[in-house]
Amino acid sequence: MTGHRCLALWLTLAGTGPVAAQSPLRLEAGATAGIVRLRTIDGPIATRRTGVSLGGQGAVWWNRLGLEGGYLEGRLGSDGSRLERVEGYAMLGVSPVRGLVINVGPLVRALVTGAATTRWVLWNVKTRYEVGIVGRFLSGFGEAWGAVKGSSNVPETFNSARGGMAGLALAVGNGQAIVRLSYGIDESRLGAGRRRDTIETFAIGTTIRIR
Amino acid sequence: LVVQGAAQVANRQSDSAAASFREALSLDPRARPDPRTGAAATTAFHEVRQQTGFVGFRPPGDTTLSPGDQYRVRLYSSGIHETTVAITTGAGQRVRRLYLGLIVDSLDVRWDGLDSTGAAPLLGPVMLQVVLRPADGTRWTTRLPLTIQATVPDTLPLPLRPTAPVSSRSPTTAVDPSPLPRTAHDPKMLAAGLLTGLAVVALPKLVAADGQGSAARFVLGGTVGLAAIVGFIAPSGSRPPVGRPVLREPERPAIDLEWQRKEQAWQRATDSVRAENQRRRRAVQLRVKAGVPIGPEIDGQ
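On a predicted model such as this, the values are computed, not experimentally measured, just so you know. Position numbers for residues start from 1 in each chain and track the written sequence from start to end. Labels are handed out in written order, letters beginning with A for the chains and numbers beginning with 1 for the ligands. Only residues with pLDDT of at least 70 get local features here, since the model is predicted, and only at 80 or more are side-chain atom pairs given and counted; chain-wide, interface and lining totals rely on the full set of residues. With hydrogens and water stripped out, all remaining heavy atoms of the structure feed into the side-chain values.

### What about the side chain of B:Asn277?
By the criteria applied, helices consist of DSSP H or I runs no shorter than four residues and strands consist of E runs no shorter than two, each listed in order from the N terminus. As for its position among the elements, B:Asn277 is in helix H7 (residues 254–282). Residues in contact with B:Asn277, not counting those within four places in the same chain, are B:Thr155 and B:Leu156. Whether two residues touch is decided by their heavy atoms; if any such pair falls within 4.5 Å, the residues are in contact.

### So, the packing of helix H1 (residues 2–10) of chain B against helix H2 (residues 14–27) of chain B
Residue and element names in this part refer to chain B. Close contact between H1 and H2 brings their axes to 8 Å; oriented N to C, the two are set at 165°. As judged from the angle between their axes, H1 and H2 are roughly antiparallel. When the axes of H1 and H2 are compared, the crossing they make is left-handed. On H2, the residues that touch Val2, Gln4, Gly5, Ala6, Gln8 and Val9 of H1 are Ser14, Ser16, Ala17, Ser20, Phe21 and Ala24. Only Asp, Glu, Lys and Arg are considered charged in this grouping, and only Ala, Val, Leu, Ile, Met, Phe, Trp, Tyr, Cys and Pro are considered nonpolar; every other residue, Gly among them, is considered polar. Residues of the contact of H1 with H2, tallied by class, amount to six nonpolar, six polar and no charged. The axes used here are C-alpha line fits, helices contributing only the stretch in contact, and every angle between their N-to-C directions lies in the interval 0 to 180 degrees. Relative orientations are named as follows: roughly parallel for angles under 35 degrees, roughly antiparallel for angles over 145 degrees, roughly perpendicular for angles from 65 to 115 degrees, and oblique for any other angle. Handedness of a crossing follows from how the near helix is turned relative to the far one, being left-handed for an anticlockwise turn of less than a right angle and right-handed for a clockwise one.

### Details of the sheet that holds strand S2 (residues 45–62) of chain A
Spatially, S1-S2-S3-S4-S5-S6-S7-S8-S9-S10 (chain A) is the arrangement adopted by the ten strands of the closed barrel, whose pairing is antiparallel. With direction set aside, neighbouring strand axes in the sheet form an average angle of 20°. Relative to strand S10 (residues 195–209) of chain A, strand S9 (residues 177–190) of chain A runs antiparallel, the two being bridged by 14 bridges. Across the sheet, the residue bridging to A:Ser182 is A:Ala203, located in S10(A). In the packing of helix H5 (residues 187–207) of chain B onto the sheet, the strands contacted are strand S6 (117–134), strand S7 (138–152), strand S8 (158–172) and S9 of chain A, and the crossing angle to S8(A) comes to about 150°. When DSSP finds two or more bridges between a pair of strands, those strands are recorded as paired.

### What about the pairing of S9(A)?
Residue and element names in this part refer to chain A. Across the 14 residues that make up S9, a large majority, ten, are buried. Hairpin connection from S8 to S9: four residues lie between these consecutive antiparallel strands, with Gly173 at a positive phi of about 60°. Counted along the chain from S9 to the antiparallel partner S10, the turn is four residues long, and its residue Gly191 has a positive phi close to 55°. Each residue is placed in one exposure class: buried if its accessible area under a 1.4 Å probe, protein chains only, is under 20% of its type's maximum, exposed if it is over 50%, and partly exposed if it falls in between.

### Here we look at the nonpolar core
The nonpolar core is taken to be a set of buried Ala, Val, Leu, Ile, Met, Phe, Trp, Tyr and Cys residues, with the residues joined through side-chain atoms within 4.5 Å. Counting 37 residues, the largest nonpolar core has B:Phe57, B:Val73, B:Leu75, B:Leu128 and B:Leu146 as the members making the most contacts within it. Among all residues touching B:Leu128, those that are not within four sequence positions of it are B:Phe57, B:Val73, B:Val85, B:Ala86, B:Ile87, B:Leu98, B:Val109, B:Thr142, B:Arg143, B:Leu144 and B:Leu146.

### As for the packing of aromatic side chains
Planes of paired rings set the category: under 30 degrees apart is stacked, over 60 is edge-to-face and the rest tilted, where pairs are Phe, Tyr or Trp rings (Trp by its six-membered ring) whose centres lie within 6.5 Å. Taken as a whole and assessed by the stated rule, the structure comprises three aromatic pairs over all chains. Ring geometry for A:Tyr183 against A:Phe202: centres 4.9 Å apart, planes inclined by 50°, an arrangement best described as tilted. One end of the pair, A:Tyr183, is in strand S9; the other, A:Phe202, is in strand S10, with 19 residues separating them in the sequence. With respect to burial, A:Tyr183 and A:Phe202 carry one shared label: buried. Ring centres of B:Phe54 and B:Trp140 lie 5.0 Å apart, and the angle between their planes is 70°; this geometry places the pair in the edge-to-face category. In this pair, B:Phe54 sits in the loop between helix H3 (39–51) and strand S1 (55–58) while B:Trp140 sits in strand S8 (residues 139–151), placing the two residues 86 residues apart along the sequence. Summarising the burial analysis for this pair, B:Phe54 and B:Trp140 share the class buried. Cation over ring: A:Lys126 sits above A:Tyr89, and NZ or CZ is 5.8 Å from the ring centre. The positively charged end of A:Arg180 is found above the aromatic ring belonging to A:Phe141, 5.4 Å away from the centroid. Placement of a positive charge over a ring is assigned whenever Lys NZ or Arg CZ falls within 6 Å of the ring centre and within 35 degrees of the normal to the ring plane.

### Some remarks on the environment of B:Ser214
Residues and elements named next belong to chain B. Secondary-structure assignment places Ser214 in the loop between H5 and helix H6 (216–233). By relative accessible area, which is 1% here, Ser214 ends up buried. With 13 residues separating them along the chain, Ser214 and Val201 place their C-alpha atoms 9.3 Å apart. At 3.1 Å, the side chain of Ser214 forms a polar contact with the backbone nitrogen of Ala216. Counted as a polar contact is a pair of N or O atoms within 3.5 Å, where, for protein atoms, one must be capable of donating a hydrogen and the other of accepting one, and residues adjacent in sequence contribute only when both atoms are in side chains.

### Quick look at the layout of surface pockets
Residue and element names in this part refer to chain A. Cavities and pockets are defined on a 1 Å grid built over the protein atoms alone: a cavity is a set of grid points where a 1.4 Å probe fits but cannot escape, while a pocket is an open set with protein on both sides within 12 Å along at least five of seven lines, and lining residues are those with an atom within 4 Å of any such point. Grid points are joined across faces, edges and corners, and a volume is the space filled by probe spheres set on the points. What the second largest pocket holds in volume is close to 240 Å³. Together, 14 residues line the second largest pocket, and Thr40, Arg49, Leu83, Thr113 and Arg195 are the ones closest to its centre. Only strand S1 (25–42), S2, S6 and S10 provide two or more residues apiece to the lining of the second largest pocket. Of the residues that constitute the lining of the second largest pocket, the class distribution is five nonpolar, five polar and four charged.

### A short note on the confidence of the model for chain B
Residue and element names in this part refer to chain B. Per residue, pLDDT captures the predictor's confidence, and it can take any value from 0 to 100. Overall, the predicted model of chain B reaches an average pLDDT of 79, with 84% of residues at or above 70. In the predicted structure, residues 166–175 sits below a pLDDT of 50 and forms 16 contacts with residues beyond four places in sequence or in another chain. The low-confidence segment residues 237–250, where pLDDT is below 50, has three contacts with residues more than four positions distant or belonging to other chains. With a pTM of 0.50, the predicted complex shows an ipTM of 0.80.

### Observations concerning the packing of H5(B) against H6(B)
Residues and elements named next belong to chain B. For the pair H5 and H6, interaxial distance at closest approach is 8 Å and the crossing angle is 175°. By the angle between their directions, the pair H5 and H6 is classed as roughly antiparallel. Residues Pro187, Met189, Leu190, Gly193, Leu194, Thr196, Gly197, Val200, Val201 and Pro204 of H5 form the contact with H6, whose own contacting residues are Arg217, Phe218, Leu220, Gly221, Val224, Gly225, Ala228, Ile229 and Phe232. The residue inventory of the contact of H5 with H6, partitioned by class, reads 13 nonpolar, five polar and one charged.

### Brief notes about the sheet that holds S1(B)
All names here are of chain B. An order of S1-S3-S6 is seen for the three strands of this open sheet, with the pairing classed as antiparallel. Edge positions in the open sheet fall to S1 and strand S6 (106–111), since each of these has one partner strand only. Across the sheet, the axes of successive neighbouring strands diverge by a mean angle of 25°, strand direction being ignored.

Printed below as a string of structure tokens:
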């Protein structure tokens, strides 16, 4: 593994709590942390930064409908090229069949350097599917999302943004907590593809079912 | 009447004397000749006593019985007779026998107000039936009507049973966004695992314009695929690694465990309510009111 590539190292806050899954109300909370690689290609100039980010997420589900939200921030790069990444999202979800979730909602991302702050607002549609692969305790999941609308404060015109994530989910404590190990990548394109911001993430996180 | 009968004995009117003595005993089974009465009249009176089965009742007034209380009636007999005392229905069907044996002069019978099983109160109109069998083979039946009313405390409603979790009813209607559990040797599990591993590896090609991605994703993708293969080919009863505990208990999803806990809590609450209701039913208070005796009816004459 080369130095400019990301290595996943996640420390997870874990815990257990009672589960009342037969209730139509489900509450979930979790924490994630990991290492991120950001590649920015602006014409002939390519910049690569790596760093660590930490975040948390939560979800409220009522029968088939849910509301999910999350926040993370991290520091990428070092010394003169240091950049702060702050990101948050809130998405409405629906689960038409078990294991399949479709989300719609905004994702707000800010990349802060010493000189300027680049802000993104992406309205995403996301599909996630999770399926058991080893018994009841190990699942695989994959998700794909695309921005139906986006804006940024950079001079270039927003073209598109899309991303995906896949990985493993390990159920522990009789399913009261789920540990996820994932790889994700997303890319935003501006100025007819002249500028591309690609973020790769190796993540591990835990989701705890509170209720 | 006793004096009249004694005079009739003295006048050698034995049949009339017997009739007088019988009438005296019917009015008061405890009637006895005066000690100054002559020996012939006294002997005649006692002969009539032994041939008649008159019985008198001395019930308490309107009585309220709590659980464990006894309703006591004192009986007086005209003679020494074989006696059966029972509670019967209005139609004469015996519900519970209270006494079988001799009655010499008087007898106290007790009844707890319960039916033949001793578990439930006997409500409505019933009879305290006394059957005397004098030595001449006749059968004298006298009944004391009893009216029994109950004051029953309200019982508690049973708690509502918790609804079964959706996954227990039908996985196809489940709304849980978590994945469906699958069993070992399921080709779908293998395919899902391999596709997930492939997705991890192929994501940069699908998302990034230049298709470049971290080589570390191959580690994760390979791990996912390998886990799927191992999960598919490993027999469910395979030996665990040496030194590791053997976990034979099948894992159950938390959704079932939680529902089981609620089901057990409901069962405990239901048992408690049933026990309380049983106690309340047993705590019923009975009001017993005695009527006017009926009889005697004489059989075997």
